[in-house]
Amino acid sequence: MSLTQPKLAVLVKGWPRLSETFIAQELVALQDAGHRFDIWSLRHPTDVKRHPLHERLTGQVHYLPEYLYQEPQRVWAARAVARAMPGYGEAYRIWRADLRRDPTHNRIRRFGQACVLAAELPQDTRVLYAHFMHTPSSVARYAAIMRGLPWSFSAHAKDIWTSPEWEKAEKLHAETHGASFGATCTAVGADHLRSLADDPARVDLIYHGLDLSRFPSPPKRNPRAPDAPFHMLSVGRLVEKKGFDRLLNAFALLPTTLDWHWTHIGSGALGDALRTLAQDVGIADRLSWKGACDQPEVIAAMREADLFVLPSRIATDGDRDGLPNVLMEAASQRLPILSTPVSAIPEFIETGTHGVLSSDDPTALAAAISSMAADPESTENMAKAAYDRLIADFRMDPGIALLSKRLTALGADRG
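Residues numbered from 1 in each chain as written. Predicted model: local features only at pLDDT ≥ 70, side-chain atom pairs only at ≥ 80, totals over all residues. Heavy atoms only, no water.

Along its length, the protein carries 16 helices and 13 strands. Scaling as 2.2 N^0.38, a compact globule of 415 residues should have a C-alpha radius of gyration of about 22 Å, and the protein matches this with 23 Å. Considered along the principal axes of its C-alpha atoms, the protein spans approximately 75 × 45 × 40 Å. The 415 residues of the protein split such that 55% are buried. Partitioning the intrachain contacts of the protein with sequence separation of at least 6 by distance along the chain shows that 76% fall at a separation of at least 24. When the accessible surface of the protein is totalled, it reaches about 17,400 Å², and 52% of it is carbon and sulfur. (Helix = DSSP H or I, 4+ residues; strand = E, 2+ residues; numbered from the N terminus. Rg over C-alpha atoms; globule rule 2.2 N^0.38 Å. Buried < 20%, exposed > 50% of the residue type's maximum accessible area, 1.4 Å probe, protein only. Contact = heavy atoms within 4.5 Å. Areas by Shrake-Rupley, 256 points an atom, 1.4 Å probe, with all protein chains shown as cover.)

See the structure below:
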């Protein structure tokens, strides 16, 4: 066992999180590639369950003060240590400039968390790597400046599309202490970030892909019995960008000749409102709300369903999905897919070939569901094509190899 501390520190917004299996998958793969690191989380966990992936990580998990007032002694002690660091003055100057443009409690909290991070990181730390380009990257950037270390990030969806342009640009320019590199999981996101960077090569397109060794082989899907309901499944947080309100309204438009049932897995702030909507449109008895589930439970549900539905849309604040890993998980089980052409979803699903991409309009969704239920042969062929595309182009390994190379070049050790 090495007596030195890991040279790589990974920042996340919260750990562990059931809805962020893509992060857990990546970190386990980096660990398997020989990287040693600890996790520094801005928030404590709120999920009761954990995925098996979370148990595989061997590094320590450190929690920064979630709110500064909760640990005042720790924050003030850390700030005293940070102020003695050569880069503190520059970090403070940059933070003050950020604060003028974003005068929020969140911005103040980011600097306090950065002081704690800079003070408490082991002396052996050489590289910071943050998941999400907004809050975690801000904390990483301020702390990296204080410590004189390189930092990097992985951007996903909400953090790209709801962050101000000035902040993204400054995190992508060397003269403003930007990241040494940034990775993102969609081509549309990569194009956007490259347009803001001083050097487009600073941004890598790295699809999350799937570690297929964690998934069972697809089940043999027998024809649905004539008296069996058409079973649809959705997995996703109950938030605006997932479009479940549109889906419930679509269900209310399905023909009475179609016997159907829908199961939802996930939790979120809109849960009560969506249940009320289901009652209002008269479909509540056809729905099952499972709440948060771990990944084995999700896969088991996929193996039993007839159609996976994810009606993603752009939220009023600009938030949207990237390329949801859950679509690839559905494809791994040859479960037919109905989704929408939002953001990077068409990078995986070509409508009519690998699944169906519909407008999120309830009438269009209802028509797509009816069509797919009525044509199981065509639907099954699309599911097979999606599985083949997953195997050919969306494995996890190539992206992990590139990410590992980038982190190693910055000084992250490999055992």
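Let us look at unusual backbone geometry. Cis geometry is adopted by the peptide bond preceding Pro16, which originates at Trp15 and carries an omega value of -10 degrees. Residue placement: Pro16 occurs in the loop between strand 1 (8–14) and helix 1 (21–32). Positive phi outside glycine occurs at Phe132, with the angle close to 90 degrees. Position of Phe132 relative to the elements: it lies in the loop between strand 4 (127–131) and helix 6 (135–147). By relative accessible area, which is 11% here, Phe132 ends up buried. The backbone of His177 shows a phi angle near 60 degrees, a positive value even though the residue is not glycine.

Turning our eyes to something else, we now look at the packing of helix 10 (residues 244–251) against helix 11 (residues 271–280). Between helix 10 and helix 11, whose axes approach to 10 Å, the crossing angle comes to 15 degrees. With respect to helix 11, the element helix 10 is oriented roughly parallel. Of the two possible hands of crossing, helix 10 and helix 11 adopt the one that is right-handed. Only Leu274, Leu277 and Ala278 of helix 11 make contact with helix 10, whose side of the interface consists of Phe244, Asp245, Leu248 and Asn249. Of the residues belonging to the contact of helix 10 with helix 11, the class tally is five nonpolar, one polar and one charged. (Axes fitted to C-alpha atoms, helices over the stretch in contact; angles between N-to-C directions. Parallel < 35°, antiparallel > 145°, perpendicular 65-115°, else oblique. Left-handed = near helix turned anticlockwise from the far one by under 90°. Nonpolar A, V, L, I, M, F, W, Y, C, P; charged D, E, K, R; others polar.)

Quick look at the packing of aromatic side chains now. Aromatic rings considered in pairs are described by the distance between their centres and by the relative angle of their planes. Scanning all chains against the criterion turns up 14 aromatic pairs. A centroid spacing of 4.6 Å and a plane angle of 20 degrees characterise the contact between Trp95 and Phe111, whose relative ring orientation is stacked. Of the two residues, Trp95 sits in helix 4 (residues 88–101) while Phe111 sits in helix 5 (residues 105–120), which places them 16 residues apart along the sequence. Grouping residues by exposure puts Trp95 and Phe111 together as buried. Ring geometry for Phe348 versus Phe394: centroids 5.1 Å apart, planes at 75 degrees, classification edge-to-face. Pair noted here: Phe348 is in the loop between strand 12 (337–339) and strand 13 (356–357) and Phe394 is in the loop between helix 15 (376–393) and helix 16 (397–410), with a separation of 46 residues, a long-range link. Every member of this aromatic cluster is reached through a ring pair, and the members are Tyr88, Tyr92, Trp95, Phe111 and Tyr142. The ring of Trp166 has Arg101 lying over it, and the distance from NZ or CZ to the ring centre is 3.8 Å. (Phe/Tyr/Trp six-rings, centres within 6.5 Å; stacked < 30°, edge-to-face > 60°. Lys NZ or Arg CZ within 6 Å of the ring centre and 35° of its normal.)

Between helix 5 and helix 6, the shortest axis-to-axis distance is 8 Å and the interhelical angle comes to 45 degrees. One way to sum up the angle between helix 5 and helix 6 is to call them oblique. When the axes of helix 5 and helix 6 are compared, the crossing they make is right-handed. For the pair helix 5 and helix 6, the contacting residues are Asn106, Arg107, Arg110, Phe111, Gln113, Ala114, Cys115, Leu117 and Ala118 in the first and Thr135, Ser138, Val139, Tyr142, Ala143, Met146 and Arg147 in the second. Among the residues making up the contact of helix 5 with helix 6, the classes are represented as nine nonpolar, four polar and three charged.

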